[in-house]
Amino acid sequence: MAPMGIRLSPLGVAVFCLLGLGVLYHLYSGFLAGRFSLFGLGGEPGGGGGAAGPVAAADGGTVDLREMLAVSVLAAVRGGDEVRRVRESNVLHEKSKGKTREGAEDKMTSGDVLSNRKMFYLLKTAFPNVQINTEEHVDATDQEVILWDRKIPEDILKEIATPKEVPAESVTVWIDPLDATQEYTEDLRKYVTTMVCVAVNGKPVLGVIHKPFSEYTAWAMVDGGSNVKARTSYDEKTPRIVVSRSHSGMVKQVALQTFGNQTTIISAGGAGYKVLALLDVPDKSQEKADLYIHVTYIKKWDICAGNAILKALGGHMTTLSGEEISYTGADGIEGGLLASIRMNHQALVRKLPDLEKTGHK
């Protein structure tokens, strides 16, 4: 006998169990549906209500390219202040880091070192989760905390009205704290620049080139805006070609064969200066050219900023064989480079088959 005289039949037990399972199903079905809908939308359980913001990268969040541009301009200017101060003191503490591949002295001065420290730590403090590559060694014992006030200048806001968020892990920054060090030691000031470039997934998207001694700064963002523009016309048939002072003869021989005896070769220092030669720059000391050709190995911090600016303005910078340059991995490229704007770039590449071979000698 069951307690209280109640006797449960097998059928009653089965009905009771089925009712219990039905209650449990209704309790958990809503919970599971909510969980699956969150995962389907790419969210995480436990989030608050309201509109969802951009999903941050798992390891470093996102960065706003407008902010990166603002800090890059400030870094180039701050570095340029150090470059100018050291040069005007005439105490350069010049030394050699070794030989370049062409056998020239690879020089370094106090201007390089102090500019590098200002530029690197300003960018690193503002964006601690991005990869920063710089020409000079960063001494961990000589750290400097340089704060940014998080204000974007009006000229940038005017050109780029809305934020441009990208995952921090996709960003690589390239710093050249003093481009044209050889010319800097010779007091050829017009060639000297400081440069910052930001690449996203290896593609150059924003560039800054600053001339410390004229205090002119050019900047541009791909699919964003710029404070510099192309000139109205370029001579594609008999172009003025800007080349490195260290191997102008090498380029001149092939250029004359390709474009004819009316071609003008401009020997200049610094990759930043050479890119500015292709643009409409309000600097009286800046020479003007139609093409920029380089035939030997070159480092990416020398060219990334110029590549980004040209790309933003509709121009091109490629290897001599016409390949796009990736700003990840190795810090240099072997295939030389050709830079142009408002020209048929691929037609120019086809005209210069011999230069690529020369660059690999």
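All values reported here derive from a predicted model rather than from experimental measurement. (Residues numbered from 1 in each chain as written. Predicted model: local features only at pLDDT ≥ 70, side-chain atom pairs only at ≥ 80, totals over all residues. Heavy atoms only, no water.)

A look at the overall build of the protein chain
- Within the protein chain, the regular secondary structure consists of 10 helices and 19 strands.
- For the protein chain, contacts bridging at least 24 residues in sequence account for 70% of all contacts bridging at least 6.
- Put simply, the protein chain shows about 18300 Å² of open surface, and 54% of that area lies on carbon and sulfur atoms. (Helix = DSSP H or I, 4+ residues; strand = E, 2+ residues; numbered from the N terminus. Contact = heavy atoms within 4.5 Å. Areas by Shrake-Rupley, 256 points an atom, 1.4 Å probe, with all protein chains shown as cover.)

Remarks on the state of the cysteines
- Under the defined criterion, the tally for this structure stands at 1 disulfide.
- Between the sulfur atoms of C197 and its disulfide partner C304 the distance amounts to 2.0 Å. Disulfide C197 to C304: torsion about the S-S bond roughly -45°, handedness left-handed. One end of the pair, C197, is in strand β7 (residues 193–200); the other, C304, is in helix α8 (residues 300–312), with 107 residues separating them in the sequence. (Disulfide = S-S within 2.5 Å.)

Focus on the nonpolar core
- Formed by 56 residues in total, the largest nonpolar core has its most connected members in Y292, I303 and M317.
- Counting residues per element, this core draws most heavily on α8, at 7 residues.
- Sequence-distant contacts of I303, that is, excluding residues within four places in its chain, are made with A271, I298, M317, I325, Y327, I333 and L337.
- With 36 residues, the next largest nonpolar core counts L122, L123, I156 and L206 among its residues. (Core = buried A, V, L, I, M, F, W, Y, C linked by side-chain atoms within 4.5 Å. Buried < 20%, exposed > 50% of the residue type's maximum accessible area, 1.4 Å probe, protein only.)

Let's talk about the sheet that holds strand β4 (residues 131–134)
- Spatial strand order, β4-β6-β7-β8-β9-β10: 6 strands in an open sheet with mixed pairing. Of all strands in the sheet, those with a lone pairing partner are β4 and β10 (225–226), marking the two edges.
- Sheet topology places strand β8 (residues 203–211) next to strand β9 (residues 216–221); 6 bridges connect them, and they run antiparallel. Within β9, the position partnered with K211 by the bridge is Y216.
- Lying over the sheet, helix α2 (residues 65–89) contacts β6 (171–179), β7, β8 and β9, oriented at roughly 30° with respect to β8. (Pairing = 2+ DSSP bridges. Axes fitted to C-alpha atoms, helices over the stretch in contact; angles between N-to-C directions.)

Section: the pattern of salt bridges
- In the structure shown here, the tally under the stated rule is 12 salt bridges.
- Two residues, E67 and R150, come together in a salt bridge whose shortest N-O distance is 3.1 Å. Placement of E67 in helix α2 and of R150 in the loop between β4 and α4 (154–159) is noted, with a sequence separation of 83 residues between them.
- Of the residues examined, R150 reaches a relative accessible area of 47% and is grouped as partly exposed.
- In this structure, D290 engages R240 in a salt bridge whose closest nitrogen and oxygen atoms are separated by 3.3 Å. (Salt bridge = Lys/Arg side-chain N within 4 Å of Asp/Glu carboxyl O.)

Some words on α2
- Here α2 contains 25 residues, and its C-alpha end-to-end distance of 36 Å stays within 8% of the 36 Å for a straight helix at 1.5 Å per residue.
- Within α2, 18 of the 25 residues are buried, leaving the element largely enclosed by the surrounding structure.
- Residue D64 occupies the N-cap position of α2, its side-chain oxygen lying 3.0 Å from the main-chain nitrogen of R66. (Expected span 1.5 Å × (residues − 1). Polar contact = N/O pair within 3.5 Å; in protein donor to acceptor, adjacent residues only side chain to side chain.)

Topic: unusual backbone geometry
- Positive phi, normally seen in glycine, also occurs at N90, with a value near 65°.
- By the element assignment, N90 lies in the loop between α2 and β2 (95–99).
- A relative accessible area of 55% places N90 in the exposed class.
- Positive phi, close to 65°, is recorded for D187, a residue that is not glycine.
- Among the secondary structure elements, D187 is positioned in the loop between α5 (181–185) and β7.

Concerning the packing of aromatic side chains
- On inspection of all chains with the given rule, the structure shows 3 aromatic pairs.
- An angle of 85° between the planes, with centres 5.1 Å apart, marks the rings of F120 and Y121 as edge-to-face. Each member of the pair, F120 together with Y121, is buried.
- Relative to W301, the ring of W174 lies with its centre 6.2 Å away and its plane at 45°, an arrangement referred to as tilted. (Phe/Tyr/Trp six-rings, centres within 6.5 Å; stacked < 30°, edge-to-face > 60°.)

A few points about the sheet that holds strand β19 (residues 337–340)
- Read across the sheet, 5 strands follow the order β13-β12-β15-β19-β17 without closing on themselves; strand pairing throughout is mixed. Bordering the open sheet on either side are β13 (264–268) and β17 (316–318), each of which pairs with just one other strand. When the angles between neighbouring strand axes are averaged without regard to direction, this sheet yields 20°.
- Pairing analysis gives 3 bridges linking β17 to β19, with the strands arranged antiparallel. If you follow M317 over to β19, its bridge partner there is A339.
- Along the sheet, α8 makes contact with β17 and β19, crossing β17 at roughly 140°.

What to know about the confidence of the model for the protein chain
- This prediction gives the protein chain a mean pLDDT of 84; 78% of its residues lie at or above 70.
- Contacts of residues 1–6 to residues separated by more than four positions or lying in other chains number 1 contact, the stretch itself having pLDDT below 50.
- Counting interchain partners and residues more than four positions distant, the pLDDT-below-50 stretch residues 356–361 has 10 contacts. (pLDDT = per-residue confidence, 0-100.)

Concerning the packing of α2 against helix α3 (residues 110–126)
- For the pair α2 and α3, the least separation of the axes is 8 Å and the interaxial angle reads 160°. One way to sum up the angle between α2 and α3 is to call them roughly antiparallel. Here the hand of the crossing between α2 and α3 comes out right-handed. Contacts between α2 and α3 involve V71, S72, L74, A75, A76, R78, G79, G80, E82, V83, R85 and V86 from the former and S110, G111, L114, S115, K118, M119, L122, L123 and A126 from the latter.
- Class assignment for the residues of the contact of α2 with α3 results in 11 nonpolar, 6 polar and 4 charged. (Parallel < 35°, antiparallel > 145°, perpendicular 65-115°, else oblique. Left-handed = near helix turned anticlockwise from the far one by under 90°. Nonpolar A, V, L, I, M, F, W, Y, C, P; charged D, E, K, R; others polar.)

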